[in-house]
Amino acid sequence: MPGQRKRKRQQGGGRQAAVSTGPGAGRWQVIFETQDESEWHAHLRRLRAGSERIDWARTRIDTLCGRLLHPTTYRLSLFVPGPVCDPNQDHPDH
């Protein structure tokens, strides 16, 4: 099927990121949140055009859909890796 190799290669990258951001590997830190869609798009444009490089593979974009009581919220989170355990160090619990 045409395009199948490209599709598999793209899907593999997603699995790689999911493994490195799994439970116990770190936490998601919210870096931007708004309920204004135009402000959301403007912030993303500034990030993409800015000189600071962002690892987009370690970002998460959430759109929390609003209903009658709560407006729609847009959230950008960055994965912050947790401390790496060194097996050669003494642990306080041993």
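Residues numbered from 1 in each chain as written. Predicted model: local features only at pLDDT ≥ 70, side-chain atom pairs only at ≥ 80, totals over all residues. Heavy atoms only, no water.

Trainee: Where do I start with the sheet that holds strand β1 (residues 26–34) in this structure?
Mentor: An order of β1-β3-β2 is seen for the 3 strands of this open sheet, with the pairing classed as antiparallel. Here the strands that pair on one side only, and so sit at the sheet edges, are β1 and β2 (59–64). Across the sheet, the axes of successive neighbouring strands diverge by a mean angle of 30°, strand direction being ignored. Inspection of the sheet shows β1 paired to strand β3 (residues 73–81) by 8 bridges, in the antiparallel sense. Looking across to β3, one finds that Glu33 is bridged to Arg75. The sheet contacts of helix α2 (residues 37–49) involve β1, β2 and β3, and relative to β3 the element is tilted by about 35°. (Pairing = 2+ DSSP bridges. Helix = DSSP H or I, 4+ residues; strand = E, 2+ residues; numbered from the N terminus. Axes fitted to C-alpha atoms, helices over the stretch in contact; angles between N-to-C directions. Contact = heavy atoms within 4.5 Å.)

Trainee: Any chance you could explain the pattern of salt bridges here in plain terms?
Mentor: Pairing between side chains of opposite charge can happen when their charged atoms approach one another. Inspection of the entire model under this criterion finds 3 salt bridges. Between Glu33 and Arg75 there is a salt bridge, and its shortest N-O distance comes to 3.4 Å. Pair noted here: Glu33 is in strand β1 and Arg75 is in strand β3, with a separation of 42 residues, a long-range link. With a closest N to O distance of 3.9 Å, Asp55 and Arg58 form a salt bridge. For Asp55, a relative accessible area of 44% corresponds to the partly exposed category. The partly exposed category is assigned to Arg58, whose relative accessible area is 27%. (Salt bridge = Lys/Arg side-chain N within 4 Å of Asp/Glu carboxyl O. Buried < 20%, exposed > 50% of the residue type's maximum accessible area, 1.4 Å probe, protein only.)

Trainee: Mind showing me how you'd approach the side chain of Ser77 here?
Mentor: Tracing the chain through its elements places Ser77 in strand β3. The residues touching Ser77, leaving out its near neighbours within four places in the chain, are Trp28, Gln29, Val30, Ile31, Arg58, Thr59, Arg60 and Asp62.

Trainee: Explain the pairing of β3 here, please?
Mentor: It is a general feature of regular strands that their side chains alternate between the two faces of the sheet. Direction of pairing for β2 relative to β3: antiparallel, over a ladder of 6 bridges. By the bridge assignment for β3, Leu64 is matched with Thr73.

Trainee: Help me out: how do you make sense of the confidence of the model for the protein chain in this one?
Mentor: With 69% of its residues at a pLDDT of at least 70, the protein chain reaches an overall mean of 79. Between the elements of the protein chain, mean pLDDT differs from a low of 61, seen in helix α1 (residues 4–20), to a high of 94, seen in α2. (pLDDT = per-residue confidence, 0-100.)

Trainee: Explain the nonpolar core here, please?
Mentor: Listed in full, the 5 residues of the largest apolar core are Phe32, Trp40, Leu44, Tyr74 and Leu76. Elements represented by at least two residues in this core include exactly α2 and β3. Those residues within four positions of Trp40 in sequence are excluded, and the remaining contacts are Phe32, Thr34, Ile61, Tyr74, Arg75 and Leu76. (Core = buried A, V, L, I, M, F, W, Y, C linked by side-chain atoms within 4.5 Å.)

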